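Here is what each chain is made of, one letter per residue.
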Amino acid sequence: MLHVEKMRKNKWIRTVGLILLLTLICSGSVMAADVNGQEEIVDTSDHIYSYAEMMEDIQQLGNKYPDLIQVSSVGTSLDNRIIFQIVLGNPNAPKAIYVQSSIHAREWMNTWIMMKSLEMNLKNWNEMLPNGETYGQIFEDCCIYLLPMVNPDGVTISQYGFEGIQNEALRNYGLSLKGASNPKRWKANARGVDLNRQFSVGWNSNITELMPCSDTYNGEAPFTEPEAIAVKNALEQREFVAAITYHTMEGAIYWNLGQQGDLLVRSQILANHCQTISGYRLDPGPSDLKGLEYNYMIWEKGIPTVCIETGRKFSPLPYSEWADVWQENSMMMVAVAALY
Ligand SMILES: [Zn+2]
């Protein structure tokens, strides 16, 4: 009798747990508690989410879900780190969305959010979404090309200081640059070029720094830096119906550079959708072109693009921001893919 009662109680706990899990996943509110005994790969406890940890997570996710993701390299950083690309879903899907994060070093919390979101999508592959499709069906029709950490050297500097740079000459050069005394706030790559000023559209039209430094120096020409070239190459792999580039901070979505016609309409639809998902305010964003990646994506590539600015505190965002940023963005990839 006692045994039967215990079994009933366990079954009840499992049922309640499952309902709770599905509710949490559907609302995207917090990461899933694991009721099925499945181990979580991406650790979301309070710590520094490093390049090395991301690399290990990519490998583990690839081992666990070999048919659902494809991992490749789109380039190598100055300090010899691979710039990873993960294709989520069917790589030959008729439609694809490009997503990137951490082109700015100190904004690395977005890498962590994207990696956890990637895992959530994989875990929920056969779960039904409110639109009647499973996660898997959505990514079968519209896959995601994700570059979770465009600027791995810069992220390493922001997290560990210049001791994290392996190449001695590069480390010493970086240490000589303006801003090196406060590495946490580093935005650029390891030789002081802001990768998000490296793109050809508007390059050199808005100069705020004349020398390599932690922030906003645009380099000697567009696409001199391997990390910016990696983004350029990644965008040339195929046509994309939409692009999302993650930054911090502001809780805002930039989307409008004055594009016209069909591109404007498609941009507006994407931006509205992202606003509904995240709750961030829509902002046309700065209309002056200054070599930013989304200037290039919209004007050169003709891709409807949103620049999503997460968080509401100075970067690097403190861990206290994690839960909010997760709630606002965990569903972004699947919900945007479902739009197409
Ligand atoms: Zn940024």
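Before reading on, note that the structure itself is shown above.
Structure report, in brief. Only a predicted model underlies this, so the values are computations on that prediction, with no experimental measurement involved.

Moving on to a nonpolar patch on the surface. A cluster of nonpolar side chains, namely Ile207, Leu210 and Met211, defines an oily patch on the protein surface of about 340 Å² accessible area. As for its placement among the helices and strands, Leu210 is situated in the loop between helix H6 (168-175) and helix H7 (226-235).

A full pass over the atoms with the stated rule returns 13 aromatic pairs. Summarising the aromatic geometry, the rings of Tyr98 and Phe240 are spaced 5.6 Å apart at their centres and angled 65° between planes, so their arrangement reads as edge-to-face. Here the residue Tyr98 occupies a position in strand E3 (residues 95-101), and Phe240 occupies one in the loop between H7 and strand E5 (242-248), the gap between them amounting to 142 residues. In this structure Tyr98 comes out as buried when scored by relative accessible area, which is 0%. Using a relative accessible area of 7% as the deciding quantity, one classes Phe240 as buried. When the centroid spacing of 5.3 Å and the interplanar angle of 80° are considered together, the rings of Tyr145 and Phe240 count as edge-to-face. Remark: Phe240 occurs in the loop between H7 and E5 and Tyr145 occurs in strand E4 (residues 142-147); sequence separation between them is 95 residues.

Here the focus is the coordination of the zinc ion. Octahedral metals with six donors have ideal donor angles of 90 or 180 degrees. Tetrahedral metals with four donors have an ideal donor angle of 109.5 degrees. Of the protein atoms, only His104 (ND1), Glu107 (OE), Glu107 (OE) and His247 (ND1) coordinate the zinc ion, at distances of 2.0 to 2.3 Å. Geometry at the zinc ion is irregular, judged from the 4 donor atoms that bind it and their angles of 57 to 146° at the metal. Each donor residue of the zinc ion belongs to the same chain, with the gaps between them written as H-x2-E-x139-H.

End to end, helix H2 (residues 51-64) covers 20 Å across 14 residues, agreeing with the expected 20 Å (1.5 Å per residue, within 8%). When H2 is considered as a whole, its buried residues turn out to be Tyr51, Glu53, Met54, Asp57, Ile58, Leu61 and Gly62. Buried residues along H2 sit against strand E1 (69-76), strand E2 (82-88), helix H3 (109-123) and helix H5 (152-160).

Turning our eyes to something else, we now look at empty space enclosed by the protein. Tallied over the entire structure, the rule returns 2 cavities of 30 Å³ or more. Each pocket or cavity is described by its volume, and for the largest cavity that value is around 50 Å³. Its residues assigned to classes, the lining of the largest cavity shows 2 nonpolar, 8 polar and 3 charged.

As judged from the 7 bridges shared by E1 and E2, these two strands associate in the antiparallel manner. By the bridge assignment for E2, Thr76 is matched with Ile82. The hairpin formed by E1 and E2 contains 5 residues between the paired strands, and Asn80 there has a positive phi angle of roughly 70°.

Our next topic: unusual backbone geometry. Excluding glycine, most residues fall at negative phi; most peptide bonds, likewise, are trans. Of the consecutive residues Thr248 and Met249, the connecting peptide bond is found in the cis state with omega at 0°. You can see Met249 is positioned in the loop between E5 and strand E6 (252-254). Looking along the chain, the bond that leaves Ser315 and enters Pro316 is cis, with omega of -5°. Checked against the element boundaries, Pro316 lands in the loop between strand E8 (305-310) and helix H10 (322-329). If you check the backbone angles, Asn80 has positive phi at about 70° while not being a glycine. Note that Asn80 resides in the loop between E1 and E2. Since its relative accessible area comes to 62%, Asn80 is described here as exposed. Its identity is not glycine, yet Asn204 carries a phi of approximately 75°, on the positive side. For Asn204, the location among the structural elements is in the loop between H6 and H7.

Let us look at the environment of Tyr135. Assignment of secondary structure puts Tyr135 in helix H4 (residues 135-141). On the basis of relative accessible area, Tyr135 is assigned to the buried category, the value being 1%. Sequence separation of Tyr135 and Ala335 is 200 residues, and the distance between their C-alpha atoms is 9.4 Å.

Conventions adopted
- Residues numbered from 1 in each chain as written.
- Predicted model: local features only at pLDDT ≥ 70, side-chain atom pairs only at ≥ 80, totals over all residues.
- Heavy atoms only, no water.
- Patch = residues over 30% accessible without salt bridge, like charges linked within 9 Å, V, L, I, M, F, W, Y side chains within 5 Å.
- Areas by Shrake-Rupley, 256 points an atom, 1.4 Å probe, with all protein chains shown as cover.
- Salt bridge = Lys/Arg side-chain N within 4 Å of Asp/Glu carboxyl O.
- Helix = DSSP H or I, 4+ residues; strand = E, 2+ residues; numbered from the N terminus.
- Phe/Tyr/Trp six-rings, centres within 6.5 Å; stacked < 30°, edge-to-face > 60°.
- Buried < 20%, exposed > 50% of the residue type's maximum accessible area, 1.4 Å probe, protein only.
- Donors = N, O, S within 2.8 Å, 3.2 Å for Na, K, Ca; no water.
- Tetrahedral: all angles 85-135°; square planar, octahedral: opposite > 155°, others 65-115°.
- Expected span 1.5 Å × (residues − 1).
- Contact = heavy atoms within 4.5 Å.
- 1 Å grid on protein atoms, 1.4 Å probe; cavity = no way out; pocket = protein on both sides within 12 Å on 5 of 7 lines; lining within 4 Å.
- Points joined across faces, edges and corners; volume = space filled by probe spheres on them.
- Nonpolar A, V, L, I, M, F, W, Y, C, P; charged D, E, K, R; others polar.
- Pairing = 2+ DSSP bridges.

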